[in-house]
Every structure is written in structure tokens, then in C-alpha cells.
Amino acid sequence: MPHNRPRLAVAILIALINAAPLQALDPSERQCQNAIATAGKRLLKRSLAALASCERAVARGGVPAGTDCLTDPTTAQKRAEAAAKSADRITQRCTDAVVTSLAPAGECSGARTVADVVACITGSHDAEAGTLLQVADPSSGPLSAVAQQCAAQASLQTRRYALARLRAIQQCKRSPRLLDLPPGTVCALEPSTMKRIASLRAQAAAQIAAECGAALTETPFGAPCDAPGTGDTLAQCLLSAADASSDRIVVSQYAAVSFCGDSGEAVEQRIDALLAQMTLAEKIEQMHGAALLGLSHTVPNDRLGIPGIVMIDGPRGVGVTLGNATAFPVGMARGATWDPDLEERVGEAVGTEARAKGASMILAPTINLLRHPRWGRAQETYGEDPFHLGRMAVGYVRGAQQHVIANPKHFAGNSIENTRFNVDVSMDERTLREIYLPHFRMAVQDGHAGAVMSAYNQLNGHYCGENPHLLHDVLKGDWGFRGFVESDWVLGTRSTVPSITAGLDIEMPAGIYYGQPLVDAVTGGQVGEDAIDGAVRRILRAQLCFRLDTDPPQMDPTQVESPAHTNLTLEVEREAIVLLKNSAAALPLNRTQVHSIVVVGPVATLANIGDLGSSTVAPSYVVTALQGIQGRAGGVSVTYVPSLPFSASDVAAVTAADAAVVVAGLTAQDEGEGQITVGDRTGLAMPRDQDQLITAVAALNPRTIVVLEGSGPILMPWVNDVAAILTAWYPGQEGGNAIADVLFGDVNPSGKLPLSFPRAEADLPPFDNVSLAVTYDYYHGYRYLDRNGTAALFPFGFGLSYTTFQYAHLTLAPATLDPHGRLRVTAEVTNTGAIAGDEIAQLYVSYNGSVVDRPAKDLKDFVRVHLEPGETETVVFEVRAADLAFWDTAAGGWEVEPITYTVRVGSSSQDLPLAGSFAVAP
Ligand code: BGC
């Protein structure tokens with residue numbers, strides 16, 4: 001049929017265009033990118049081979065037992081030669097300008113010159129070889145023939161697999177297959193790449209299992225593969241270590257993929273086409289919310305198929321504007337779990353519910369650093385330490401973004417409520433970079449957040465919504481953020497031209513400054529249309545990469561407050577409760593010995609799940625502390641006494657009970673979001689005569705147990721008078737059940753404080769929520785207490801258990817770290833008590849002889865581990881050399897100092913029994 005031919009030709013042409021390799025990189029960029037990938041792969045291969053050959057010699061007894069291959073001079077020489085070859089390859093094919101435009105990520109983020117990229121690729125790849133072989137082929141003494149065979153095969157297969165997987169991903173990154181990837185997916189998930197990797201993995205696993213099945217107990221492997229049950233579990237563990245290594249290598253060789261994954265360039269092409277069709281008015285329509293009141297959203301564009309974004313609050317669950325939802329424990333409670341994987345599940349659940357209610361973006365997590373516990377929104381964030389905060393934020397963002405766009409907030413320095421709309425928070429650049437921003441950087445670079453909300457306050461003289469340093473230089477510049485920035489609601493946008501110039505992309509919730517005034521600013525020539533295109537590109541990128549056009553949210557009430565989610569709130573709260581004091585084994589309340597409990601205090605009967613500001617969630621039920629205790633009491637009798645003054649029968653009940661549980665603390669009357677609820681706390685003392693209540697109960701009953709609720713620190717004048725104290729925070733809708741589980745010993749408490757509890761407010765830096773200009777210096781929280789030599793009442797990282805843990809045998813490798821390398825630390829943790837429990841092992845670093853003033857110690861890693869009675873596990877920590885840097889204000893960059901560092905490991909910031917040291921090479 002001749003008349004069909006032209007159409008067929010057009011169709012073929014379109015298909016060819018679509019199938020053509022991406023031309024996103026120009027030839028010189030392509031050449032440099034390929035050189036980095038090839039040089040990196042070869043270096044990894046050679047370093048692995050050099051280390052493995054040293055290990056073989058050790059196993060055969062050819063070199064002295066105890067030789068450390070990481071420092072062995074012959075091996076070091078081979079690795080250095082390999083690094084030099086790779087460096088040559090990159091140097092010959094790259095220029096500074098090309099490296100700058102490629103902007104590699106991961107260990108190479110910030111590399112802007114050929115010298116930078118050579119240093120980070122050679123340093124990080126060689127270090128990665130060491131990291132992998134410390135697991136798959138660690139140094140030991142001579143081995144029997146069978147063990148030698150197992151060690152050799154395991155090492156060979158792990159190395160081969162890591163390299164082959166790397167090669168498969170690199171091939172995908174070069175190929176037109178990228179165009180077929182759905183937006184937001186990465187090469188490792190591209191179907192043919194996945195198939196290839198799965199078959200490589202199966203082959204390698206079979207070889208390891210075959211050779212090692214009989215020799216497992218004799219052959220040493222490094223943690224976490226040091227105690228494999230079978231040859232197959234060993235293989236899976238080693239190959240997972242290889243997965244992690246090759247993933248990190250890939251990240252450092254290419255530009256950040258952000259939330260768009262490897263399909264990003266195809267999305268950019270679609271955006272180019274859309275922008276070409278949009279009028280100025282249509283573009284600006286994308287840049288502001290639709291209405292001051294009601295559910296917040298941006299406007300869809302039906303003509304072009306742009307879906308718009310529906311936004312809902314979410315720090316402790318889906319906001320009340322969309323009706324009922326699962327109420328999780330507040331952020332501070334979740335911070336106390338020190339469990340980023342669990343937080344990922346929380347984010348995933350909140351994202352699921354948001355989407356099931358038609359929203360496409362969750363206005364969470366709140367990740368402002370808690371400078372002072374009187375901050376009214378303390379409950380929403382995860383704690384006082386930037387590293388811990390960042391790890392938790394990454395968990396939430398990763399989970400939520402499986403379903404909706406996540407939105408870390410409020411960027412930045414927002415930690416006072418009463419003056420939040422106006423206060424100018426000043427701080428020097430080092431304080432900003434090291435204390436107030438790292439968690440935002442992690443949320444953006446490691447979590448790949450699709451959006452960031454600017455804060456209301458000013459930072460160093462500019463409102464955050466029009467702050468060029470924060471939005472333009474740091475967020476979009478240094479960190480390479482590819483999502484959009486939207487203002488906090490109403491007073492978060494203060495201007496038209498300064499805001500768009502600084503980098504604010506969306507004004508929320510309506511277009512006061514970004515409606516007609518922005519159209520006028522463009523037509524009047526004050527704002528270039530390229531600035532508008534840049535903002536709209538970011539807004540469209542988020543919508544397309546999250547597939548809001550092709551896979552929009554669908555209403556699904558069955559997902560909301562589902563049993564899976566309400567069970568998750570219970571699980572989270574069980575991990576979040578922190579046991580602060582437990583004298584004379586007052587807890588747990590063993591049901592066979594304790595026959596009667598009196599529950600005291602008005603908070604025991606409150607549905608106390610958090611403040612009444614924007615983070616309000618309305619679950620369909622809340623289990624109060626009293627209901628939880630009654631429901632789980634079994635045969636134990638439970639009576640309730642509300643408050644003082646006590647009647648004669650109250651006194652009799654409190655005195656006669658085998659144990660008295662006072663539930664006390666803060667409520668929405670005491671703390672919350674500023675201007676719209678009560679705002680900041682007026683002090684750290686317990687409100688509403690609850691101190692007197694606790695003292696009165698303690699005077700009558702020697703087994704008085706205090707359950708605290710609220711955002712955090714409360715002064716405890718009665719601390720020595722009561723037998724036990726635990727803090728349950730604002731515990732979510734299943735909170736009462738979790739509290740009862742811990743009291744009765746059905747759950748062993750395992751939470752640790754994500755912030756310091758001081759003895760007195762005077763022990764903390766001042767909290768000024770009246771002045772409109774405040775200055776933040778470097779120190780707060782445990783760093784401040786450490787510096788002043790002040791003991792906390794309960795320190796950062798502290799929490800008791802019903803069992804006991806012991807720490808032993810610290811190892812650190814390598815002894816000298818490349819400035820782009822990674823330190824691997826292991827420690828043995830043993831459960832020395834009679835019941836199973838979780839321990840949160842913490843690693844802190846101190847700096848010896850730094851040229852700048854440094855804190856006494858900084859948290860740099862933590863691991864939650866479950867241990868049966870008597871069980872020992874080797875926990876593995878990692879510290880990137882880059883995370884040891886200080887911000888060199890004069891040079892305007894990060895500086896990793898070639899000094900010695902002390903590592904301390906233990907159970908809290910004040911209980912660190914293990915210590916070791918390492919150096920960073922110049
Ligand atoms: C809060 C934000 C919130 C927004 C929308 C503001 O007042 O500061 O955290 O997301 O309102 O409800």
C-alpha cells in the first residue's frame with residue numbers, strides 16, 4: 001500500500017533518532033569520561049591482583065606470617081605503579097575544563113581539575129581494593145592446602161565478579177540502552193545489565209561454595225563474612241561486599257545521577273522539547289502554588305501534559321489536611337533508634353500513604369540541627385549531631401522517594417520558633433559548612449532528594465528564600481543539587497527579583513511574588529528568561545523523573561493505617577524508647593513477681609503524639625500509656641491515680657502497689673511550631689507541677705518508675721529519688737503498647753539519646769528567641785559540653801539495656817589513609833547478659849595537632865547490632881577520609897589534614913573503651 005510508505009519512513013526515522021546513542025557529552029567529554037572509567041577499572045584490577053598475590057604468598061608461607069599486605073613494600077610498589085599508569089591515561093585525555101563539566105560524584109565530588117580527579121580516582125580505587133580484600137582475602141598465617149584453595153578461589157571469584165559487574169554497568173552507561181530506562185532507574189537495574197550481573201554472580205557463588213564448603217572453619221575472612229554458616233552464605237556475603245565496592249567505584253567515576261538515575265539525559269531531552277513549547281506565562285505558572293488556603297499544589301498544564309505537584313506535610317506521617325493517617329513516633333524518637341534502615345521503612349510507609357491519598361510530594365523530613373532543646377520544633381528533627389541527622393535523613397528520603405518526592409526542610413539554620421519569620425541567624429562559614437549543613441548535603445547527595453524547602457529565617461543577612469550563598473553557591477553549586485527549591489509557606493518568599501536570582505524555584509503556597517510580578521520582571525528585563533527556564537527545568541525534571549505524568553498517584557484507602565504501617569509504628573517506638581536509669585533492677589516488671597502497679601499522672605491518659613503545627617497527624621486511634629499498660633498487664637492489677645493533691649485512697653494505692661509508674665512530660669501545650677502554636681519551650685523544667693508529683697510518688701513507693709514523654713531533655717531534680725527512668729518521646733499511635741512492652745520486659749530497650757540531656761539549662765549555650773539577630777558559634781550539644789568539661793546528666797548516645805555489652809579487640813586499617821581513602825574499623829561486641837538485646841555501637845574521631853580548633857570528638861559512624869545472650873559479633877565501621885576534613889575558610893574548600901586521628905568506639909559519647917589511631921598521608 002504505497003500511501004503508507006511515507007508514514008513508515010517517518011516512523012523508522014523517529015525510531016532511529018530515539019535509538020541513537022545519547023550525545024549528552026561532547027567528544028572531548030566523552031573521551032575524558034571513558035579514560036576515567038577505563039583507568040579506574042584497570043587500577044582496581046591491578047591493585048586487587050597485587051594485594052591478592054601478597055595474600056597468596058602469606059597463605060603458602062612464602063612471606064613471613066603476620067605480613068600486612070596493605071603496607072607490604074613490594075605490594076605497595078606494584079599498586080603505586082598501577083596508579084601511575086592510570087594517572088597517565090587520565091592526564092592525557094582530560095583537561096581541567098572537561099573535568100569541571102563532567103563533575104564526578106562520590107569520592108570524587110568536588111574534583112574540578114585533572115589533578116583532583118587523578119588524586120581521587122587513584123586514591124579511592126586503590127583504597128577500595130584494600131577494603132574489599134580485607135573481607136575476601138584478609139592477612140593471616142600459612143594455611144592448610146584445603147584452606148589455601150578456598151581462600152584463593154574466594155578471592156579470585158570476588159575480584160572477578162567485582163570487576164565484571166563494574167564493566168557491565170560501565171557498558172550500560174555508554175550505551176543507547178539508557179534511553180529505554182524508565183525515568184529514575186539506574187543501570188544496575190537495566191534489564192539486560194541485571195541479567196548479566198545475575199549470571200556472573202551465580203557462577204562466582206557456585207565456584208566459591210564448591211571450593212569452600214569443606215574448609216570454612218579453617219579459612220579466615222573479614223567481618224561481616226567472618227562467621228559464614230555454609231559455603232553459599234559465605235559466597236553471598238563476599239559478593240555483596242563486591243557489589244558495594246563496585247557501586248562506590250561507579251559513583252566516583254561519573255556525574256551524580258541524582259533522583260533521575262541513569263535515565264537523566266533522556267529526561268533532559270523531553271524537558272528541552274517542553275520548554276520550547278511553553279509560553280512565558282505557562283512557565284511562570286509552574287513556579288508558584290495554586291492557592292493560599294487548602295491542599296497545597298502547583299498548577300497542572302493540560303495542554304502539555306504537565307501534571308503539577310500535590311504537596312502534603314509529613315514529618316511524623318501524612319498531614320491532617322488529607323484526613324486520617326498512620327501517626328509515627330516523632331522525628332526525635334526515630335532519631336533515638338539510630339536505625340537508618342528502619343527510618344527508610346518509615347519513609348517508605350509515609351510515602352505510600354501520601355501517594356495513596358493523591359499527593360506527589362511529602363514536606364519532610366525536618367532536618368534542622370537541634371542547637372538547643374528549647375526549640376519548639378525539636379520533636380520534628382532527629383537530634384543534635386550532623387552526621388547522625390544526615391544518616392537518618394537519607395533513610396527517610398530514600399524510603400519516601402520510592403513513592404513521592406521528598407523535601408528535606410528547612411534550609412537552613414532554622415532552630416528557633418518564636419522569631420522564625422524574621423530572625424537573622426549569623427554564623428561563620430566554617431560553622432555553617434561543618435555543623436549546620438552536612439545533613440542537608442547528605443540528604444541531597446546520598447539520599448537524592450528531589451526538592452528542598454528554604455527556611456523562613458535569615459542567614460547572614462539574607463532571608464533563606466533569597467539567599468544566594470545557600471541556594472546558588474552551596475546547594476546548586478557545590479553540591480550539584482538537581483531538584484527544585486520551594487519556599488516555606490507564605491512568609492518564606494520575600495521578593496521577586498532577589499529570590500529568583502538567588503535560586504528559589506517555587507513560591508509556596510501561592511504566587512504573590514512569583515505570579516504577575518515575575519512576568520513583569522522578565523518582560524521588564526530585570527530577570528532573564530534563562531533564569532526562568534532554569535527553574536522550570538528543575539520543576540519539570542522532578543515531575544518527569546518521578547513519573548508523575550505517566551504513573552500518577554492513585555487513591556487507595558487500603559494503604560492508609562494499614563496493619564503493616566501500624567505495626568511499623570510499634571516496632572519503631574520499641575526501638576526508640578531510651579532507658580536512662582535502672583537502679584536495683586527496678587525494671588523490667590516481671591509479671592510473676594509484680595502483682596500490682598499504680599499508674600500516676602495526667603499524661604498517662606493523653607493521646608500525646610506531638611505538637612499541633614504543620615506536622616499534625618490524625619490517626620484513627622491512639623493507645624495511651626495507661627491503655628497500653630492495662631492491655632498488656634496480664635494478671636497484674638493496674639490502678640490509676642491522676643494527679644496531686646492525693647486523696648487518702650490515692651496515697652494508699654501508691655504505697656501499696658508493687659511498683660509505681662509515673663507518666664510525665666511535655667505536651668502540645670508546652671512546645672510546638674512558632675506563631676501558629678505555642679512555639680519554643682520557656683525552659684527545660686518540667687511544666688505543670690509534675691516534679692512535685694514525681695517527688696510525692698517517690699516518697700511513697702521505693703519502686704517508682706518515671707516514663708517521660710516530649711521532645712527531649714527535661715530537668716530532673718528527683719533523679720536520685722526514683723528507681724528507673726525511661727524516655728518514650730512523643731511515641732506515635734501505638735506508643736502505649738510499646739511503653740508497656742518495655743516496662744514488662746517483653747521488649748529489651750535499645751534506644752540511645754540523639755541529643756544531650758544537661759543537668760541545668762546553664763550548661764548549654766544560650767537560647768535567645770527574642771532578639772531578631774542571633775549569632776551561632778561552632779559549639780553546641782556534646783561538643784559544647786566536652787569543650788567546657790561539663791558532664792551531661794545523660795550524655796549524647798547514652799541508653800541502657802536489660803542486658804550488658806562488652807567491647808573488645810579494635811582493628812583499624814589501613815594505618816595510613818590516602819586523603820581519598822576509607823578507614824575500616826572493626827570491634828567485637830559481646831552480649832554479656834542473660835537476654836537478647838540490641839546495642840548501638842558508636843565511633844568517634846579526635847584530631848591530634850589540627851591547625852584549627854576542633855571538637856574533642858565527632859561522631860563518624862554507628863552500627864545497630866542484635867546479639868543473643870553470650871553472642872559476639874564483629875561490627876564494621878567505615879570512615880571516609882573526606883569526612884575528617886575541616887572547612888578552610890581562607891582557601892574556600894575542604895582540607896583533609898595529614899595528621900594523626902584517634903578513633904574511639906563504645907556505647908555512648910562518654911563510654912568509649914576502645915581506642916586506636918591512624919594517620920592521613922599528605
Ligand atoms: C512550616 C513547614 C510546613 C509548611 C506547610 C510552614 O509553616 O514551617 O514546615 O511544611 O508550613 O504546612
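Source: prediction; values computed, not measured.

Moving on, we get to the sheet that holds strand 16 (residues 773–775). Spatially, 8-7-5-16 is the arrangement adopted by the 4 strands of the open sheet, whose pairing is mixed. Each of the sheet's edge strands pairs with one partner strand only, and the pair in question is strand 8 (462–463) and strand 16. For strand 7 (residues 458–459) and strand 8, the ladder comprises 2 bridges, and the chain directions are antiparallel. Its bridge partner being in strand 8, Q458 is matched across the sheet by Y463.

Counting across every chain of the model gives 16 aromatic pairs. Ring geometry for W729 versus F757: centroids 6.4 Å apart, planes at 90 degrees, classification edge-to-face. Of this pair, W729 sits in the loop between strand 15 (724–727) and helix 24 (735–743) while F757 sits in the loop between helix 24 and strand 16; the two residues are 28 residues apart in sequence, bridging distant segments of the chain. Its relative accessible area of 0% is what places W729 among the buried residues. Three or more aromatic residues link up through ring pairs in this structure, and these residues are W338, F387, Y782, F796, Y844 and F862. Cation over ring: R591 sits above F744, and NZ or CZ is 4.5 Å from the ring centre.

We now examine the packing of helix 5 (residues 114–136) against helix 6 (residues 145–174). Helix packing geometry: the angle between the two helix axes and the distance between the axes. In the contact formed by helix 5 and helix 6, the axes pass within 10 Å of each other and the chain directions differ by 145 degrees. Relative to helix 6, helix 5 is oriented so that their crossing is right-handed. When helix 5 is examined against helix 6, the residues L132, L133 and A136 are found in contact with a partner set consisting of S155, T158, R159 and A162. Across the contact of helix 5 with helix 6, the residue classes tally to 4 nonpolar, 2 polar and 1 charged.

Before going further, it helps to examine the pattern of salt bridges. Note on pairing: side chains with opposite charge can pair once their charged atoms come close. One pass over the structure, following the stated rule, counts 49 salt bridges. One continuous salt-bridge network, built from bridges that share partners, spans E107, E128, R248, R822, E878, R880 and D883.

Moving on, we come to the confidence of the model for the chain. Mean pLDDT over the chain stands at 94; residues scoring 70 or higher make up 97%. Here residues 1–23 is a poorly scored stretch, pLDDT under 50, and it has 11 contacts once near neighbours within four places are set aside; other chains count.

Moving on, we get to the packing of helix 12 (residues 340–356) against helix 13 (residues 386–400). Running from N to C, helix 12 and helix 13 point in directions that differ by 35 degrees, and their axes come no closer than 6 Å. Judged by the twist between their axes, the crossing of helix 12 over helix 13 is right-handed. Between helix 12 and helix 13, the contacting residues are P340, E343, E344, G347, E348, V350 and G351 on the first element and R391, M392, G395, Y396, R398, G399 and A400 on the second.

We now examine the state of the cysteines. Tallied over the entire structure, the rule returns 7 disulfides. Note on cysteine connectivity: C260 is disulfide-linked to C545, with sulfurs 1.9 Å apart. Classification of the bridge connecting C260 and C545 rests on its S-S torsion, roughly 95 degrees, and on that basis the disulfide is right-handed. Of this pair, C260 sits in the loop between helix 8 (231–253) and helix 9 (264–277) while C545 sits in helix 19 (residues 529–545), and the two are 285 residues apart along the sequence.

As a structural note, the neighbourhood of the ligand is formed by D313, L363, R377, K409, H410, R420, M453, Y456, D488, W489, S614 and E673. The separation between an oxygen atom of the ligand and a polar side-chain atom of K409 is 2.9 Å. For the ligand, an oxygen atom lies 3.1 Å from a polar atom in the side chain of R420. When the ligand is considered free in solution it has 310 Å² of accessible area, and contact with the protein chains removes 89% of it. Taken together, the residues that form the shell around the ligand break down as 4 nonpolar, 2 polar and 6 charged.

So, on to the sheet that holds strand 19 (residues 822–831). The strand order 17-19-22 describes an open sheet built from 3 strands, whose pairing is antiparallel. Where the open sheet ends on each side, the last strands, each with one partner, are strand 17 (805–813) and strand 22 (872–880). Within this sheet the neighbouring strands show an average axis-to-axis angle of 20 degrees, counted without direction. As defined by bridge partners, strand 17 adjoins strand 19 across 7 bridges and the pair is classed as antiparallel. Residue pairing across strands places L812 opposite V825, the latter belonging to strand 19. Sheet strands touched by helix 5: strand 17, strand 19 and strand 22. Its angle to strand 19, the strand with the most contacts, is close to 25 degrees.

Thresholds, definitions, all that
- Residues numbered from 1 in each chain as written.
- Predicted model: local features only at pLDDT ≥ 70, side-chain atom pairs only at ≥ 80, totals over all residues.
- Heavy atoms only, no water.
- Pairing = 2+ DSSP bridges.
- Helix = DSSP H or I, 4+ residues; strand = E, 2+ residues; numbered from the N terminus.
- Phe/Tyr/Trp six-rings, centres within 6.5 Å; stacked < 30°, edge-to-face > 60°.
- Buried < 20%, exposed > 50% of the residue type's maximum accessible area, 1.4 Å probe, protein only.
- Lys NZ or Arg CZ within 6 Å of the ring centre and 35° of its normal.
- Axes fitted to C-alpha atoms, helices over the stretch in contact; angles between N-to-C directions.
- Left-handed = near helix turned anticlockwise from the far one by under 90°.
- Contact = heavy atoms within 4.5 Å.
- Nonpolar A, V, L, I, M, F, W, Y, C, P; charged D, E, K, R; others polar.
- Salt bridge = Lys/Arg side-chain N within 4 Å of Asp/Glu carboxyl O.
- pLDDT = per-residue confidence, 0-100.
- Disulfide = S-S within 2.5 Å.
- Near = heavy atom within 4 Å.
- Polar contact = N/O pair within 3.5 Å; in protein donor to acceptor, adjacent residues only side chain to side chain.
- Areas by Shrake-Rupley, 256 points an atom, 1.4 Å probe, with all protein chains shown as cover.

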